[in-house]
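Tertiary structure, described
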Amino acid sequence: MNKKLIFIISISILITAGLYILIKNVSFKSNKSAPNAASARQLFELAKGQELNNELLLAKATYREIINNYPDYREIQDVEKKIEDLNTRIIFLPTLIAPTSIFYFVAPGDSLNKIAREFNTTVELISKINMLKSGIIRPGIKLKIWTGKFSVLVDKSQNILMLKSDNEIIKVYTVSTGINNSTPVGAFKIKDRIVNPPWFKPGAPKPIPAGNPENILGTRWLGFDLPSYGIHGTIDPKTLGQQVTNGCVRMKNEDVEELFSLLPPDTEVTIID
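Residues numbered from 1 in each chain as written. Predicted model: local features only at pLDDT ≥ 70, side-chain atom pairs only at ≥ 80, totals over all residues. Heavy atoms only, no water.

1. Brief notes about the confidence of the model for the chain
Definition in use: The quantity called pLDDT is the predictor's confidence in a given residue, expressed from 0 to 100. Contacts were defined at the residue level, with two residues in contact if any of their heavy atoms lie within 4.5 Å.
Summarising the model, the chain shows a mean pLDDT of 89, and 87% of its residues fall at 70 or more. For the stretch residues 2-11, pLDDT sits under 50, and the model shows two contacts to residues farther than four places along the chain or on other chains. Below pLDDT 50 for its whole length, residues 13-34 participates in zero contacts with residues either more than four positions away or in separate chains.

See below:
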C-alpha cells in the first residue's frame, strides 16, 4: 500500500472518529438539557401510589421532589394541590405522627383547655384530630397533639392567605381584602375568636345576629389586636379574590372554619401589599 493511500485512510479514520465523538457529545448534551417530563411523571405516579398505601409523609416528600427538581413540569399546580391536601390530612389524621406532632397521655386533672394552653393549640384542633365527641377526657387516653407553630401571611396583591406551620406553607386560600387597598399592612396577632359572630354594623342601633342575611361576617371571626379588623367568613363567596371588603380579610365559611380550628390566640398574622 503506498504512502498516499495510507495517509488518506488515516485521515478518513480520524474524521470518522471525530464525527462520532461530536455526535455523541451533542446527543449527551441534548438529553441532559431536555425537559425531564418523563421523570416528573414517574415521580408523580410514585407519589400517588404512596398515597394509596397511606404513606403520606413519603408521598409528600416525593411531590416535594417534583417541585424542587422539575419546577417547569406542566402539572406543577396539581402537585402543589396534592401537597396542600396531604398537609391537612397529616395534621388531622389521628394515627399519624409527623415531626411537628406528638402523642400525649391524659393525666389526672387534665382538661382540653389545659392541654390546649400547654401546647399553644386549640381545643377545636385537639377535638377534631382525635374525633372527640365531647369535651370530657379520661386519664390514660392517648391524644395526638399538633405542636407546630402556626402563622398567617396575607398577600393583598394576589388576594391570598397562606397558612404556615413553622414557616412551611401548609395551605393557600383565596380571600377578599379591602376596597381601595384599605386592609392595613403590618404584623398583627389574633386576639378574639368568635363562633357565629354578631355584626356591629356602623350606624345600626343594635348588633345584627349570626344567621341574619344582613350579617356579612359569616360563621367565624378571628379578630386582630387592631380593633375592628380581622379574618371572617362571608355570605357572598362569589366576591372572593377581589378587593371588596371594608378592610377585613374575607374567606369562604368552610375555609375560615378550618382556619379557626387551627389558630390559637396570639397567632401572628402578617399582611403585605
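Continuing now.
2. Notes on the layout of surface pockets
Our working rule: Cavities and pockets were defined on a 1 Å grid built from protein atoms only: a cavity is a group of points that admits a 1.4 Å probe but offers it no way out, a pocket is an open group of points flanked by protein on both sides within 12 Å along at least five of seven lines, and a lining residue is one with an atom within 4 Å of any such point. Grid points are joined across faces, edges and corners, and a volume is the space filled by probe spheres set on the points. Secondary structure elements are taken from DSSP: a helix is a run of H or I of four residues or more, a strand is a run of E of two residues or more, and numbering for both begins at the N terminus. Charged means Asp, Glu, Lys or Arg here, nonpolar means Ala, Val, Leu, Ile, Met, Phe, Trp, Tyr, Cys or Pro, and polar covers whatever is left, Gly included.
Estimated volume of the largest pocket: approximately 440 Å³. If you trace the largest pocket, you find 22 residues lining it, with Trp199, Leu217, Trp221, Ser228 and Cys248 closest to the centre. Among the secondary structure elements, those contributing two or more residues to the lining of the largest pocket are strand 7 (186-195) and strand 8 (220-224). Per-element accounting of the lining of the largest pocket gives the leading share, three residues, to strand 8. When the residues that make up the lining of the largest pocket are grouped by side-chain class, the tally is 14 nonpolar, six polar and two charged. By volume, the second largest pocket amounts to about 240 Å³. Arg64, Ile67, Gln77, Glu80, Lys81, Ile83, Glu84, Glu168, Ile169, Ile170 and Val172 are the residues that line the second largest pocket. Counting only elements with at least two residues in the lining of the second largest pocket, the list comes to helix 3 (56-69), helix 4 (76-92) and strand 5 (168-174).

3. Comments concerning the pattern of salt bridges
Going by this rule: Throughout this description, the term salt bridge denotes a Lys or Arg side-chain nitrogen within 4 Å of a carboxyl oxygen of Asp or Glu. Partly exposed residues are those whose accessible area sits between 20% and 50% of the maximum for their type, while under 20% is buried and over 50% is exposed, using a 1.4 Å probe and protein chains only.
Across all of its chains, the model carries twelve salt bridges by this definition. When the shortest N-O distance is used, the salt bridge between Asp266 and Lys191 registers 2.6 Å. Highlighted residues: Asp266 in the loop between helix 7 (253-262) and strand 12 (268-272) and Lys191 in strand 7, separated in sequence by 75 residues. With a relative accessible area of 45%, Lys191 lands in the partly exposed category. Via salt bridges that share partners, Glu51, Lys82 and Arg89 belong to a single interconnected network.

4. A closer look at the sheet that holds strand 12
Operational definition: One requirement defines pairing of two strands: DSSP has to find at least two bridges between them.
The eight strands lie next to each other as 5-4-3-12-7-8-9-11, forming an open sheet whose pairing is mixed. Edge positions in the open sheet fall to strand 5 and strand 11 (249-250), since each of these has one partner strand only. Taken together, the six bridges between strand 3 (residues 150-155) and strand 4 (residues 160-165) define a ladder with antiparallel strand orientation. In the sheet register, Asp155 faces strand 4, and the bridge partner there is Ile160.

5. Some details on the pairing of strand 4
Working note: regular strand, side chains alternate between the two faces of the sheet. With five of its six residues buried, strand 4 lies for the most part within the structure. Between strand 3 and strand 4, which pair antiparallel in sequence order, lie four residues; one of them, Asn159, sits at a positive phi of approximately 55 degrees. Taken together, the six bridges between strand 4 and strand 5 define a ladder with antiparallel strand orientation. Of the residues in strand 5, the one forming a bridge with Met162 is Val172. Hairpin connection from strand 4 to strand 5: two residues lie between these consecutive antiparallel strands, with Asp166 at a positive phi of about 50 degrees.

6. Let's talk about the packing of aromatic side chains
This is how it is decided: Only Phe, Tyr and Trp rings take part, Trp by its six-membered ring, and two of them pair if their centres are within 6.5 Å. Stacked means planes under 30 degrees apart, edge-to-face means over 60, and tilted covers everything else.
A full pass over the atoms with the stated rule returns five aromatic pairs. For the pair Phe44 and Tyr63, a centre-to-centre distance of 5.8 Å together with 65 degrees between the ring planes defines the contact as edge-to-face. Here Phe44, found in helix 2 (residues 37-52), pairs with Tyr63, found in helix 3; they are 19 residues apart in sequence, far enough to count as distant. Judged by relative accessible area, Phe44 falls into the buried class, the value being 8%.

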